[in-house]
Amino acid sequence: MNGIRLPLGEWASHAVDFVTTTLGGFFDVVRVIFTGMYDGMDWLLQTPPFWGIILIIAVLAVWLRGGVFGAGTVVGLLVIVSVDQWSNAMDTLALVLVSAAIAIAISVPLGILAARSKTASAIIRPVLDFMQTMPAFVYLIPALILFRVGVVPGMVATIVFAMAPGVRLTELGIRGVDKELVEAGRAFGSPPRRILRQIQLPLAMPSILAGVNQVIMLSLSMVVIAGMVGAGGLGRDIVQALSRVDVGLGFEAGVSVVILAIILDRLTASVGRARLRMPKRALAVLGAALIVVVGGTAVTAASTASGGDKGTVKVAVFNGWPEGEAASYLWKHVLEKEGYTVDFEYADAGPAFAGLSTGDYDVAFDGWLPTTHEAYMKKYGDKLTDLGAWNTEAKLTIAVNKDAPIDSLDELAAHSADFGDRLVGIEPGAGLTEATQNKVIPEYGLGSMDFVTSSTPAMLAELTAAMKKGDDVAVTLWRPHWAYDEFDLKDLKDPKGALGEAESIHSIGSAGFEKKFPEVAGWVKGFALDSDLLYSLENAMFNSGAQSSQYDGIVSKWMDEHAEYVDSLTS
């Protein structure tokens, strides 16, 4: 618009930089507190055996909603157990409970303030409008910068996103109290605090509890989104399912979220209608359940206690990058045989590199250099350790079906109609997408083609559909990728070198990785996996129709079949 552009984004970026610089210590303290709260709640939910937690929730369900809902609660939670999502569900539940508790602790007082002061209400309402209409994903960006990757940015983004209905419904409930009752209280000489405590809050309680219910529901929806920045739980599996186009995993994790949502919704909605005192019989059952759970927890802890662990290696796995996930699973099994514990932390490439730079993650096996991840290496390079390349045959490509009428990018413009005038890409922020937009399209005159960017799973879904129909298709792809073994594809020649030369896939560690795990660092530095071996591992994992829960068994079998190579990794 006449060359005029409001630098709103720059102002926001500078504001976040200023806050990070000046209040970094404060945010570190908040991070420690929130992490401690989450860890405590997660310990309470994860340590007891699953049947103990189910028993306690069932007793509460029977007390608040009756026997039918109690039976349904048990069945629903057993479904979560049966699809091997119990641990993830408890991680998510811990995140929801802590985030919702904090959001409620902030929103209810703000609602009371807004109800008692027109000035406060006039200030708070537009802020709430902003909080509710801003896309939920946006909250993850500053939260990630201020609190680093992991559970805390997910909690903070959840709190900001979820607290608005708590404020609004609290204010609405208090303002809806009959003014004559308030005046009667004043006439009898009651001070404002007593009127609030004994008249307004009790009468507004149904509205306040409705707000609490909505806070919890929004917390659950946001916690799933927070899985993109390493918050874990069911959100992590849903993001994984999306990145792999894994219908089975997505459905299982999604059903688990639905079950948790129904249970939380019905229980919190019933609190206002429930009797304040639990019947003696129910109280006795709950007490017995707690005793059984404590006993079961002690037995479980004793049976699982073990010594000799060499430490826990946190591996950052990039969502939607199959070669890195395959290499990560390979090293998981190798290191576990050597006495280490390995935790996977799934995240997009940007948050993963940020986590490596702060030491929240120890190592990642999918750094594409010198081009694709060059920006991350420049940004965090002094806080990262390049452990060397394990594959030197990586290449960004534009791929088409093998029987397509062209063989080179300089022929694509003239035959664009054969491909529906579409070039299907991956994520808008990917290095491959940037190279395609800024170099391939202008240098080969492809401006008339519709360059569709969305995600790697969407690209693969488009590729799969076109190959099944026998249609010509052009997609942005890279080698090594299992799609080359799954489909008959060919890379279009790039005579102008717009996509760059071949790249290498590197193992990237945190700054302190070599000092923390010297033995592992030595093994990883000598790690090499050629494309043929990688394809065989990727095919076994991703092209066999197996679900992610079966990957461990698949990798273990693959390692047995390639025992000589596997032994060389630690020799």
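None of the values given here were measured: they were computed from a predicted structure. (Residues numbered from 1 in each chain as written. Predicted model: local features only at pLDDT ≥ 70, side-chain atom pairs only at ≥ 80, totals over all residues. Heavy atoms only, no water.)

1. Some remarks on the pairing of strand 1 (residues 312-318)
Argument step 1. With respect to burial, strand 1 is a largely interior element, five of its seven residues being buried.
Argument step 2. Here strand 1 runs beside strand 2 (residues 341-347); their pairing, made up of seven bridges, is parallel. Paired with V317 across the strands is Y346, a residue of strand 2.
Argument step 3. Regarding topology, helix 15 (residues 322-337) serves as the crossover connection from strand 1 to the parallel strand 2, and that connection is right-handed. (Buried < 20%, exposed > 50% of the residue type's maximum accessible area, 1.4 Å probe, protein only. Helix = DSSP H or I, 4+ residues; strand = E, 2+ residues; numbered from the N terminus. Pairing = 2+ DSSP bridges. Right-handed = clockwise from strand over helix to strand, strands pointing away.)

2. Some details on the confidence of the model for the protein chain
Argument step 1. On average, residues of the protein chain score 85 in pLDDT, and 92% of them are at 70 or above.
Argument step 2. In this model, residues 301-308 is a region of pLDDT below 50 whose contacts with residues beyond four sequence positions or in other chains number one contact. (pLDDT = per-residue confidence, 0-100. Contact = heavy atoms within 4.5 Å.)

3. Quick notes on the pattern of salt bridges
Argument step 1. Tallying each qualifying case throughout the model produces 15 salt bridges.
Argument step 2. The salt bridge partner of R168 is D129, with a shortest N-O separation of 2.4 Å. Of this pair, R168 sits in helix 9 (residues 164-175) while D129 sits in helix 6 (residues 118-133), and the two are 39 residues apart along the sequence.
Argument step 3. The exposure class assigned to R168 is partly exposed, which follows from its relative accessible area of 26%.
Argument step 4. Across the salt bridge formed by R175 and E171, the nearest N and O atoms sit 3.0 Å from each other. Of the two residues, R175 and E171 are both situated in helix 9; the distance of four residues between them amounts to about one turn of the helix. (Salt bridge = Lys/Arg side-chain N within 4 Å of Asp/Glu carboxyl O.)

4. Quick look at helix 9
Argument step 1. Given a rise of 1.5 Å per residue, twelve residues ought to cover 16 Å, and the 17 Å separating the end C-alpha atoms of helix 9 matches this to within 8%.
Argument step 2. Listed as buried for helix 9 are A164, P165, G166, V167, T170, E171, G173 and I174.
Argument step 3. The inward-facing, buried residues of helix 9 contact helix 5 (86-116), helix 6, helix 8 (151-162) and helix 11 (192-225). (Expected span 1.5 Å × (residues − 1).)

5. Things to note about a negative patch on the surface
Argument step 1. Together, E393, D485, E486, D530 and D532 line one region of the surface with negative charge.
Argument step 2. Within the fold, E393 resides in strand 4 (residues 384-401).
Argument step 3. On the basis of relative accessible area, E393 is assigned to the partly exposed category, the value being 42%. (Patch = residues over 30% accessible without salt bridge, like charges linked within 9 Å, V, L, I, M, F, W, Y side chains within 5 Å. Areas by Shrake-Rupley, 256 points an atom, 1.4 Å probe, with all protein chains shown as cover. Lys, Arg positive; Asp, Glu negative; His and termini not counted. Charge placed at Lys NZ, Arg CZ, Asp CG, Glu CD.)

6. As for the packing of aromatic side chains
Argument step 1. Under the criterion given, the structure shown has 20 aromatic pairs.
Argument step 2. Aromatic rings pair up to connect F318, W321, F353, W368, Y376 and W478 into one cluster.
Argument step 3. The cationic tip of R65 hangs over the ring face of F69; the distance from NZ or CZ to the ring centre is 5.6 Å.
Argument step 4. Here the guanidinium or amino end of R479 rests over the ring plane of Y484, the centre of that ring lying 3.7 Å away. (Phe/Tyr/Trp six-rings, centres within 6.5 Å; stacked < 30°, edge-to-face > 60°. Lys NZ or Arg CZ within 6 Å of the ring centre and 35° of its normal.)

7. Comments concerning the layout of surface pockets
Argument step 1. Its volume calculated, the second largest pocket comes out at about 1100 Å³.
Argument step 2. Lining the second largest pocket are 43 residues, and of these N88, D91, G233, R236 and F344 sit closest to its centre.
Argument step 3. For the lining of the second largest pocket, the elements supplying multiple residues, two or more each, are helix 2 (24-46), helix 5, helix 8, helix 12 (233-244), helix 13 (247-270), helix 15 and strand 2.
Argument step 4. Among the elements that make up the lining of the second largest pocket, the one with the highest residue count is helix 2 (six residues).
Argument step 5. Looking at the lining of the second largest pocket, its residues break down into 14 nonpolar, 14 polar and 15 charged. (1 Å grid on protein atoms, 1.4 Å probe; cavity = no way out; pocket = protein on both sides within 12 Å on 5 of 7 lines; lining within 4 Å. Points joined across faces, edges and corners; volume = space filled by probe spheres on them. Nonpolar A, V, L, I, M, F, W, Y, C, P; charged D, E, K, R; others polar.)

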